[in-house]
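Next come the chains, spelled out residue by residue.
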Amino acid sequence: MNYGYCNKALRIDLSNNLIKKEKLDEEFLKKYLGGRGLNVRRLYDEVPPEVDPLSTENKMFIGVGPLTGTLFPGAARVNFTAKSPQTKILGDSNTGGFLGPEIKFAGFDQIIIEGKADQLSYIYIKDGEAEIKSAQHLKQLDTFETQKKIKEELGDNRVQTAVIGPAAENGVKYSGIFCNMVRAAARTGMGLVLASKNIKAIAVRGTKDLSARKPDKFKQLIDKMDEEIKNHSEYEIRTRLGTTQLISSLNELGCLATRHFQTGYFEDADKVSGEYFEENYKQKEKGCFACTIPCSRYFEITKGKYKGLKSEGPEFEGLAGFSSRVGVSDIEDALYGVDLCNRYGLDVITTSECISFTMELYEKGILTSEEIDGLKPEFGNSEVVFNLIEKIKNREGFGDILADGVVTAAEKIGRGTKKLAMHVKGLEIFQADPRGIKGYGLGVAVATRGGDHLRSEPWFEFSEDAEEGKRRFGHPESAFRLEYKGKGRVVKYYEERCVLADCLEACKNTVVNMEIISFKEAAELLNTLTEYRFTPEEIKKSAERIMNVERAYIVREGIRRKDDTLPDRFLNEPLPEECGVSAGSVVELEPMLDEYYKAREWEVNTGLPTESKLSELSLDKIMLDLKKREII
Amino acid sequence: MYDLKIVVESIEGFCDLPMEIGDYFTVSGGKIEIPEGKHMCLWALQSLMPVLPAKQRELNEENDWIPHTKRFICPDPNGRVIFRIDRLDPKTGKPLEEEIEIPPRILVNPDACTGCRACETVCAFVHTQSFNALRSRIKIEKNEIKGEDIPYICRQCGDAPCIKACPVEALSRSPKTNAILVDEDKCIGCNKCAEACPFDAISFNENNVALICDLCDGDVECVQRCPTDALKFDNKGGRKK
């Protein structure tokens, strides 16, 4: 019987057609908890800096956590980790849906994919066994069709799949991995890593038992959390609108990414908002595995030119990406843009950045229509948006320039456009403007996978609870989004909460944004669920350890303090007049960075983890590796 | 043969005839009588028609649903006028007190189901201490592309065709909750009950023992964990979004 953990990893060597099972011991599981933790430690050990992300030496790690597959609300998640072909540093992306639990029921905590298949294939894992099957017939199929075909040919509707779309097969650097239609591990080009291994999909079916060491106690803890969730002030809006609530709320704060961050206020936000969507398109709520906060939505467009378009979602990042960020005011156009990305298997954040970047260059006269295949990419022109998505997917014409991400595009275009590329460490940033949310700005600047908000989600800065700010982070200012003091500590704290969520493989809605469980409750849960003993301090330490492994990994790839920065616009161009309270804001990053490194006990000047910190976290092997390479 | 009184008991929608609560007519033998000043909707009457002779007759079939099924709804989905058919005591002409309280069972609304499968997970866990959905007595069938999520679960039918179909008497009713109970030692896994089930609600575990909802002895875990009202524990019919 498996209790929380299966204590087992599956290693698939595609080049040599070898499939073997590896035992995961107690020490490794306790030190790295699950999912993201297991993956990043293995990535550090098995994929050194010499490895080209698109070579056969790169490896893909797929990890689930101890809570995955249990009754814990939203513990449905799974992490995909590899060296990123998009950023050349840590590639790591996480998705919900139903795949994670299925991996657990198939008997594994982790799946490792290495080498390269000799032809397009898919991996079928069932109840502890795996086989490689041909996917020649799935070539160039979109993500929806691929998922459908695999279920059909395996004759089991309960098979869960992770697939790539044509964008990945065509070599787009920011192609993702898609599950349950639209659930995407979209960031850092994990889809392309699978494509480089000739893997079109992973199909999983599990019917093995999974239990809790103390079932009654575990059930009691879950019932208590269910109650807390139902009584939470965010519960109602999250089930109604999910993340799309952010369009109107960020717009009100003047920090909704609009026309490529030229402003933080979108005049047509109410036409593309989550509320508008709910009223006109939503048919019902949808949820991930065993989740009591069904924040996703099934929708259908019933008339007009997109009649018959039905899907799940969208999430905030896609909806804002194809509305405010590109200046499109028609929500149906935005929904169609998101749908194209989902079907082709593209990351909506990066795609919308590449397109809005092109629009700004065109608006400023830096790029001419001839250079963009005769297109006229004005802000708001949705036809051009769709056209560019198509070109990116096929890597044709100007799409080929955009298909490596915004940094490479700016390098190819030259003319000082790098300054306008909205990325950190090669990863394009999300749909909120850091100038109006300083803590998020810091979080994005230091995120270990590059410009991404989901590594920290320091929502506390919205709380406006000065007393709590003083109590928790030493400064009342830390509770206010436009203030700076204490943000280093806030980001550190929430980074570790995000690690906890990504290791237990529970949703950040519950663990980070709603702060449903504390480290103490996490320990209680794991102690009733698993065969091992955890203390809250140990779990906290593990979260810090994992952050340090990630930092060590990117430091080994050459990242230093100078790379922990934000695009020029956020540091130097104040938000314009119409952004209300946020108007006039830039991000004064350096003092926050100082505070952050101090909180992390890293070297302030370089951002390098220190020998003593690594030792304290029992990371001596990594410490010695960095010393041997003369990094620390 | 009974005489009948058919009363408008409640109106959940909007009836533009209009029928009003308390409107009634009587049936005596082959004769319909509508009281002076009252009227009766043609379409509602049309749909009630086949039931009237059945309600008039005295039937003594085992598990017969006719005696205690009293409420019928007008076919107009906007109207939702609910008619109650009372059998009248031949001596007094007053309605017979034969209302049987139907014990609550699990009611399903697929339109509200999020497809999360929390119900499956909790059902399996409370019955077997495993989260494995294979052990669940409720099953969610999903079609992600069409957005369909359909819960399959025992409706605890009055006439329980599964009980009748079982060749070894492994199925019985719980005296406490009226739930259908499976005697695991008797069940031979012959699939007869599943074939008889009109709701496709019966599956088998790996020991070939039938899995049928036992209403958790009255403390229905799946309903408690359902985040929407896709599952309800109720004794009413009908489904509302």
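Residues numbered from 1 in each chain as written. Chains lettered and ligands numbered in written order. Predicted model: local features only at pLDDT ≥ 70, side-chain atom pairs only at ≥ 80, totals over all residues. Heavy atoms only, no water.

Draft legend 1. Here's a closer look at the pattern of salt bridges. The tally for this structure, following the rule as stated, stands at 94 salt bridges over all chains. Ionic pairing is found between Arg-11 of chain A and Glu-22 of chain A, a salt bridge with its closest N-O pair at 2.4 Å. On the criterion of sequence distance, the pair formed by Arg-11 of chain A in strand β2 (residues 8–13) and Glu-22 of chain A in strand β3 (residues 18–23) is long-range, its members being 11 residues apart. Pair check on accessibility: Arg-11 of chain A and Glu-22 of chain A agree, each one buried. Between Asp-149 of chain B and Lys-142 of chain B there is a salt bridge whose closest N-O contact spans 3.5 Å. The residues Asp-149 of chain B and Lys-142 of chain B share a single accessibility class, namely buried. (Salt bridge = Lys/Arg side-chain N within 4 Å of Asp/Glu carboxyl O. Helix = DSSP H or I, 4+ residues; strand = E, 2+ residues; numbered from the N terminus. Buried < 20%, exposed > 50% of the residue type's maximum accessible area, 1.4 Å probe, protein only.)

Draft legend 2. Expanded view of the interface of chain A and chain B. Contact with chain A, which involves 43 residues of that partner, is made by 36 residues of chain B. Note on chain A versus chain B: buried area summed over both sides is about 3,000 Å², and carbon and sulfur give 49% of it. On the chain A side of the interface with chain B, the three residues burying the most area are Leu-71, Arg-158 and Lys-284 of chain A, jointly 21% of the side's total. Connecting chain A to chain B are 6 salt bridges. With a closest N to O distance of 2.7 Å, Arg-225 of chain B and Asp-226 of chain A form a salt bridge. Counting residues per element, the ones that place at least two in the side of chain A that touches chain B are α3 (99–105), α4 (143–154), β14 (210–211), α7 (215–231) and β15 (282–286) of chain A. The element best represented in the side of chain A that touches chain B is α7 of chain A, accounting for 6 residues. For the side of chain A that touches chain B, the class distribution of residues is 20 nonpolar, 11 polar and 12 charged. (Contact = heavy atoms within 4.5 Å. Buried area = accessible area lost by both parts, 1.4 Å probe. Nonpolar A, V, L, I, M, F, W, Y, C, P; charged D, E, K, R; others polar.)

Draft legend 3. Highlighting the sheet that holds strand β16 (residues 296–300) of chain A. Residues and elements named next belong to chain A. Read across the sheet, 3 strands follow the order β15-β16-β17 without closing on themselves; strand pairing throughout is antiparallel. Where the open sheet ends on each side, the last strands, each with one partner, are β15 and β17 (310–312). Adjacent strand axes in the sheet meet at a mean angle of 15°, parallel and antiparallel pairs treated alike. In this structure, β16 lies alongside β17, joined through 3 bridges in antiparallel fashion. The residue bridging Glu-300 from the neighbouring strand is Lys-310, located in β17. (Pairing = 2+ DSSP bridges. Axes fitted to C-alpha atoms, helices over the stretch in contact; angles between N-to-C directions.)

Draft legend 4. Structural view of the domain arrangement of chain A. Residue and element names in this part refer to chain A. For chain A, the assigned domains read domain 1 (2–205), domain 2 (237–410) and domain 3 (434–628). Each of domain 1 and domain 2 has a C-alpha centre, and these two points are 27 Å apart. Contact with domain 1, which involves 32 residues of that partner, is made by 29 residues of domain 2. Of all residues in domain 1, Tyr-174, Arg-183 and Arg-187 bury the most surface against domain 2, accounting for 25% of the area lost on that side. Seen at the junction of domain 1 and domain 2, the total is 4 salt bridges. A salt bridge links Arg-187 to Asp-347; the nearest nitrogen and oxygen atoms lie 3.0 Å apart. Counting the contacts that link domain 1 with domain 2 gives 15 residue pairs in polar contact (both at pLDDT 80 or more). Elements supplying a minimum of two residues to the side of domain 1 that touches domain 2: α3, α4 and α5 (166–169). (Domains from an automatic or database assignment. Polar contact = N/O pair within 3.5 Å; in protein donor to acceptor, adjacent residues only side chain to side chain.)

Draft legend 5. The arrangement of the packing of helix α18 (residues 438–446) of chain A against helix α20 (residues 487–504) of chain A in detail. Residue and element names in this part refer to chain A. Look at α18 against α20: their axes get within 9 Å of each other, and the N-to-C directions meet at 60°. Comparing their axes, α20 and α18 come out oblique. Here the hand of the crossing between α18 and α20 comes out right-handed. Each of Lys-438, Gly-439, Leu-442, Gly-443 and Val-446 in α18 lies in contact with α20, whose residues at this interface are Lys-487, Gly-488, Val-491 and Glu-495. (Parallel < 35°, antiparallel > 145°, perpendicular 65-115°, else oblique. Left-handed = near helix turned anticlockwise from the far one by under 90°.)

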